[in-house]
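# Residue-level structure breakdown
Below are the chains, spelled out letter by letter.
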Amino acid sequence: MHLRAADGIRGLSVIVIVFLHSIIGFWPSTGLFLGGTGQFSVWTFFILSSLLLTNKFISNGVGAKSVFSYFVGRFLRIIPLFYLAVASYCLAGFYDVQKMKSILMFKDTYLHFWTIPIEFSFYLYIPIIAAICNFAFRRLSPVTFFCAMSFVIILHQCLFPYTDKEIIGSLIWYLPVFFYGIVTAYIINIKSVVVNGMVADIFSLLIIILCVLSTTAPMTYFFSEDMRAWNTDKFIYIGVLLAVFIYLVVFSSGFFNKILSSVVFTTLGKFSFSIYLWHMGVVMYLSKNYTGSYWFFVLTIALSVILGAVSFYVIENPLESARHKIMNYIFKENVVKINNSDRKSEI
């Protein structure tokens, strides 16, 4: 099941990140009001990733072939391009070789690279989580299953509350966001209800408004005090809204579904990982040399997309083709061995 609107949401999220980082880069004073706003898009990425990957295991099961294909796919999609980007930023002078090694080993980070170790680390657990959830999903009623999932999230917050400064920025801190995606994956597999377009649009718009009002500038205005980056740890609440937004957009025929299913946004979604990795280098270089320039601000966004597109076709696409060849070769070899052993047994 391919969900075009999900690709579009990913495209929208990455453009929001590029846009926000570019604004802060070219007009540094805006950082006082925009700090932490990009987190909303990052949380959306986390939810989408866990939703889509879990949905594959719901559809295909958690067998040897699906798990092996999954790990090969995740490795080839994330690690080579991530390593290349980290090395390129080092060569461009953004940090030294020692820091580069630490980033490659997931021991340190640099600006936007912090999301990759968290997401990739969670990928390692998805097959186990999906196997357990699939087992429970088949044996429990929907109400009991989702009560159990809710209990897991509540228990997690009792043990590892989002207010705990000792775990800030770690995988254990962000687990609820990923679990929102997993829960959504099972919801759509109970009954994929197509939501009325107008209803979906109204609630989607309300969620967007609530998210905008939750950013630093409006909160500072409402409370008349410094609310810089106050929302960076509010994923436990906002993540629920984002999961609902994703469901409403994907399973409706409304305005947001049509817009985010368009070629523009789905194409941006296809390039999103590459755009995300490379855009900060473009932002930092151009904003440093052309601070306050509206023309170079627009150029930064355009170059980030172009660079992401080139990276996708030159690196990501060939790696995905390599994954399919690897899978075909391995399982073709296994089929040949099985057939040969069957012939021998018949003889």
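Now for a description of the structure that goes with this document. Small disclaimer: the values here were computed from a predicted structure and weren't measured. (Residues numbered from 1 in each chain as written. Predicted model: local features only at pLDDT ≥ 70, side-chain atom pairs only at ≥ 80, totals over all residues. Heavy atoms only, no water.)

## Notes on empty space enclosed by the protein
Gaps left between atoms are located by rolling a probe of water-molecule size over the structure's atoms. Basically, it comes down to this: Lining residues are defined by having an atom within 4 Å of a point belonging to a cavity or pocket. Those points lie on a 1 Å grid over the protein atoms alone, cavities being sets where a 1.4 Å probe fits but cannot get out and pockets being open sets with protein on both sides within 12 Å along at least five of seven lines. Grid points are joined across faces, edges and corners, and a volume is the space filled by probe spheres set on the points. Numbering of helices and strands starts at the N terminus; helices are DSSP runs of H or I of at least 4 residues and strands are runs of E of at least 2. Throughout this entry, Asp, Glu, Lys and Arg are counted as charged residues, while Ala, Val, Leu, Ile, Met, Phe, Trp, Tyr, Cys and Pro are counted as nonpolar. The remaining residues, Gly among them, count as polar.
Scanning the model with the defined rule gives one cavity of 30 Å³ or more in all. One number sums up the size of the largest cavity: a volume of about 30 Å³. In terms of lining residues, the largest cavity is bounded by L3, L51, T184, I188, I246, Y247, V250 and F251. Put simply, the parts of the chain that give the lining of the largest cavity at least two residues each are α9 (171-190) and α12 (235-250). In terms of residue count, the dominant contributor to the lining of the largest cavity is α12 (three residues). A class-by-class count of the residues in the lining of the largest cavity yields seven nonpolar, one polar and no charged.

## Looking at the environment of L20
Relative to the helices and strands, L20 is located in helix α1 (residues 4-26). A sequence separation of 17 residues divides L20 from T37, and the C-alpha atoms of the two residues are 7.8 Å apart.

## Side note on the state of the cysteines
As a reminder, the rule being used: For the purposes of this analysis, a disulfide is any pair of cysteine sulfur atoms at a distance within 2.5 Å.
All told, the structure shown has zero disulfides when counted by the stated rule. No disulfide involves C147; its sulfur sits 14 Å from that of C133, the nearest cysteine.

## Regarding the packing of α9 against α12
The condition that has to hold: For helices, the axis comes from a line fit to the C-alpha atoms of the stretch in contact; other axes are also lines fit to C-alpha atoms, and the angle between any two N-to-C directions lies between 0 and 180 degrees. Any angle between 65 and 115 degrees counts as roughly perpendicular, while under 35 counts as roughly parallel, over 145 as roughly antiparallel, and the rest as oblique. Crossing chirality is assigned from the near helix's rotation relative to the far helix, an anticlockwise turn below a right angle marking it left-handed and a clockwise turn marking it right-handed. Residue contacts are counted whenever heavy atoms from the two residues lie within 4.5 Å of one another.
Where α9 contacts α12, the axes come no closer than 9 Å and their chain directions differ by 25 degrees. Relative to α12, the element α9 is oriented roughly parallel. Two packed elements cross with a definite hand, and for α9 against α12 that hand is right-handed. Every residue of α12 that contacts α9 at W173, Y174, P176, V177, Y180, T184, I187 and I188 is listed here: F235, I236, G239, V240, A243 and Y247. Of the residues in the contact of α9 with α12, the class split is twelve nonpolar, two polar and no charged.

## Re the nonpolar core
For clarity, the threshold we go by: We define the nonpolar core as a collection of buried residues of types Ala, Val, Leu, Ile, Met, Phe, Trp, Tyr and Cys that are connected through side-chain atoms lying within 4.5 Å of one another. Categorising residues by exposure relies on relative accessible area from a 1.4 Å probe, with only protein chains included: less than 20% of the type maximum marks a residue as buried, more than 50% marks it as exposed, and the intermediate range marks it as partly exposed.
One finds Y95, F113 and Y174 to be the most contacted residues of the largest nonpolar core, which totals 97 residues. When near neighbours in sequence (up to four residues on either side) are disregarded, Y95 contacts A85, V86, Y89, C90, M100, I103, Y110 and F113.

## Remarks on the layout of surface pockets
The calculated volume of the largest pocket comes to roughly 1300 Å³. Forming the walls of the largest pocket are 41 residues, and the residues nearest its centre are R10, L53, K56, R74 and R77. Element by element, the count of residues in the lining of the largest pocket is highest for helix α3 (residues 39-60), at eleven residues. Classifying every residue of the lining of the largest pocket by side-chain character gives 17 nonpolar, 13 polar and eleven charged. Counted as a void, the second largest pocket has a volume near 450 Å³. As for the second largest pocket, its lining consists of 18 residues, and the residues nearest its centre are V16, F40, S41, I208 and C211. Per element, the largest residue contribution to the lining of the second largest pocket is six residues, and it comes from α1. Its residues assigned to classes, the lining of the second largest pocket shows 13 nonpolar, five polar and no charged.

## As for the environment of Y313
Using the following cut-off: Here a polar contact means two N or O atoms within 3.5 Å. Within protein one must be a hydrogen donor candidate and the other an acceptor candidate, and residues neighboring in sequence count only if both atoms are side-chain atoms.
Note that Y313 resides in helix α15 (residues 294-346). A sequence separation of 39 residues divides Y313 from S274, and the C-alpha atoms of the two residues are 9.9 Å apart. Every residue in contact with Y313, bar those within four places of it in the chain, is listed here: K270, F271 and P318. A distance of 3.5 Å separates a polar atom in the side chain of Y313 from a polar atom in the side chain of K270.

## Describing helix α7 (residues 126-139)
The condition that has to hold: A helix's residues, less one, multiplied by 1.5 Å, set its expected span. The arc refers to the directions leading from the helix axis to the C-beta atoms.
Given a rise of 1.5 Å per residue, 14 residues ought to cover 20 Å, and the 20 Å separating the end C-alpha atoms of α7 matches this to within 8%. Residues of α7 that are buried include every one of I126, P127, I129, A130, C133 and N134, and no others. For α7, the angular spread of buried residues about the axis comes to 150 degrees, placing them on one side. Set apart from the buried face of α7 by more than 90 degrees, the exposed residues are I128, I132 and R139. If you follow the buried residues of α7, they end up packed against α3, α4 (64-91), α6 (115-123), α8 (142-159) and α9.

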